[in-house]
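Listed below are the residues making up each chain.
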Amino acid sequence: MFERARGTRDFGPAEMGRRLAFERMCDEVAFRYGFQRVATPTFERLELFTAKSGASITDQLYAFKDRSDRDLTLRPELTAPVMRMIAEQKGQIPKPARYSYFGPCFRYEESKRGRYREFWQYGCEIIGAPTSLTEAEVVAFACAIVEEAGLEGWQLNIGHVGILNDILGNLGLEGDALGDAMRLLDKGDFAGLAASGIDSTAVTNLQSLAQLNGGIETLASAREIITSMGVESEALDQLEEMLNNLSSLGANPPTLVVDLTVARGLDYYTGMVFEIMVDELGGEGQVCGGGSYKLFHLFGLDDLDPCCGFGLGFDRVLLALEIQAEKSGRSEVVPGENSGASTLAVIPFKVDVSQVLALVSGLRAGGQPVLLELRERNIGKSMAWANSTGAQFAMVVGPRDIESGQVTIKRLSDGAEANCEMSAEAISQTISSM
RNA sequence: GCUGCGGUGGUCUAGAGGUUAUGACGGUGGGUUGUGGUCCCGCCAACCCGGGUUCAAUUCCCGGCCGCGGCCCCA
């Protein structure tokens, strides 16, 4: 026997229906926010990702050589490919561009629940509009997705790398030391910060900054602390503006935490950074992350920096929704996942099927989903089959019906029946009126 | 990378050093050649893999693989 490769999953009809419903929902929200869907290849030149994230990521990639000895890799994320796509057009696109995307990504790492070697990301980027309003739009879009998906109890964490840069820069940190300090801050490792040689008063101040917990109102306290450290931060004003815009745009997270020590551990973030967390997934609780970043300098298009975007952990959101639905007894995990058109199971019975197929064809042409019984079996078994398919209606077409020109439509949920003329129009009409 | 727990038909599960390896769900066929979901009967289908201990291992031991949790990491 052959087993699935580790960290991969199969999706049967029920699960796939749910995933498609969620993808459609994401696209609908994206459309309302003015995003246009784009797609990039599943594999790319290896250099694209090493340039973005350093050579050390190679061991987490599904990298390989092609027959011409080119270094390629399955994509581990979608931001760099989208940047590459725009760069290939020399940035000659209408700006600002609002792109959304969805697709599988691949990372070679230990798999566990909520972390797979093949996983799906839904995401977006706004390119060519480096403003705090852009940031607000991006975060509002992310919030809209999780909210419309019906996720409960999620938390939005927002920080600003620019503010951290101002503070740490004022302490004389730069280059690697600054990056290290930022990573320590992100982890909340203040002992490590003190050990790295940062002035103890500054560490204390950073710690109280990290302990601020709340929404926009915490900015005032943050400003006090930052001012007391002798730092003028324009970035702080930008963050305040962004948060106000976010609120005006209707984002309404169950919990909002303005946490200036959120750094997302990534070198290329430059401004606002954010993440959306849920409790249900333990250590894999981050379902979305993003912010403002500079990457176009890698392609020689510095003028497009910074951009703003996010990646949404498609699988994780679904997992969290499934756990929450289970807990609350909700039957629908993704809103609308069960609301398909009413399918009609057509059961030819003791007739030459060619007599039925024209009718089936007419029904389908008219937009009526038809599931055709393909085996010749007795009525009882065929009805059981119709029921097991999930079809809402069933119709037997036998000699009697052919002769009379009348058929009986049966609603499978409760056995209700209705008769009508044996024509596609009459049948469709009968179904929609039942 | 570290660490804890687990692995019996497709799914859930009983079980014991020697069994025709349990039951349910499911699938399939019949009872029933014009109306399903009930009921009855039949059939399909499993001890994760490799090594060790033993007369005998699916059961005990070790390793691997896979799954689940925790830590590290998470572009």
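This text goes with the structure placed above it.
Values in this document were obtained by computation on a predicted structure and should not be read as measured data.

Examining the overall build of chain A
Item 1. Check the secondary structure of chain A and you find 15 helices and 16 strands.
Item 2. Its C-alpha atoms give chain A a radius of gyration of 28 Å, clearly above 22 Å, the size a compact globule of 434 residues would have.
Item 3. Along the longest, intermediate and shortest principal axes, the C-alpha atoms of chain A span 95 × 55 × 45 Å.
Item 4. For chain A, buried positions account for 36% of its 434 residues.
Item 5. Long-range pairs, those at least 24 residues apart, make up 68% of the contacts in chain A between residues at least 6 apart in sequence.

Re the protein's contact with RNA strand B
Item 1. Around RNA strand B, a shell composed of 40 residues is seen, among which Arg113, Gly282, Met383, Gly398 and Arg400 lie nearest.
Item 2. Considering every element that reaches the surface near RNA strand B, the biggest residue donor is helix H13 (residues 379–389), with seven residues.
Item 3. Of the residues in the surface near RNA strand B, the class split is 12 nonpolar, 15 polar and 13 charged.

Let's talk about the sheet that holds strand E6 (residues 118–127)
Item 1. One open sheet holds the eight strands; their spatial order is E1-E5-E6-E11-E10-E9-E7-E8, and the pairing between them is mixed. Here the strands that pair on one side only, and so sit at the sheet edges, are strand E1 (36–38) and strand E8 (255–258). Neighbouring strand axes in the sheet, compared pairwise and without regard to direction, differ in orientation by 20° on average.
Item 2. Of the strand pairs in this sheet, strand E9 (residues 269–277) and strand E10 (residues 286–293) are connected by six bridges, and their pairing is antiparallel. The residue of E10 that forms the bridge with Glu275 is Gly289.

Brief notes about the sheet that holds strand E4 (residues 71–74)
Item 1. One open sheet accounts for three strands, arranged E2-E4-E3; its pairing is antiparallel. The strands lining the two open edges of the sheet, one partner per strand, are strand E2 (43–45) and strand E3 (63–65). Taken pair by pair, the neighbouring strands of this sheet meet at an average axis angle of 35°, ignoring direction.
Item 2. Pairing geometry for E2 and E4, over three bridges, is antiparallel.

A few points about the pairing of strand E16 (residues 417–421)
Item 1. Judged from the five bridges that link them, strand E15 (residues 406–411) and E16 form a sheet pairing that is antiparallel. Considered in E16, the bridge of Thr408 is made with Asn419.
Item 2. Counted between consecutive antiparallel strands, the loop separating E15 from E16 contains five residues, among which Gly415 sits at a positive phi close to 85°.

Comments concerning helix H15 (residues 424–433)
Quick reminder: α-helices carry 3.6 residues per turn. Residues three or four places apart thus point the same way.
Item 1. Within H15, the full set of buried residues consists of Ala424, Ile427 and Ile431. Around the axis of H15, the buried residues are gathered within 70° of arc, so they sit on the same side. In H15, the exposed positions angled more than 90 degrees off the buried face are occupied by Glu425, Ser432 and Ser433.

Conventions and cut-offs
- Residues numbered from 1 in each chain as written.
- Chains lettered and ligands numbered in written order.
- Predicted model: local features only at pLDDT ≥ 70, side-chain atom pairs only at ≥ 80, totals over all residues.
- Helix = DSSP H or I, 4+ residues; strand = E, 2+ residues; numbered from the N terminus.
- Rg over C-alpha atoms; globule rule 2.2 N^0.38 Å.
- Buried ≥ 20, exposed ≤ 12 C-beta atoms within 10 Å, placed from the backbone.
- Contact = placed C-beta atoms within 7 Å.
- Near = placed C-beta within 6 Å.
- Nonpolar A, V, L, I, M, F, W, Y, C, P; charged D, E, K, R; others polar.
- Pairing = 2+ DSSP bridges.
- Axes fitted to C-alpha atoms, helices over the stretch in contact; angles between N-to-C directions.
- Arc of directions from axis to C-beta.

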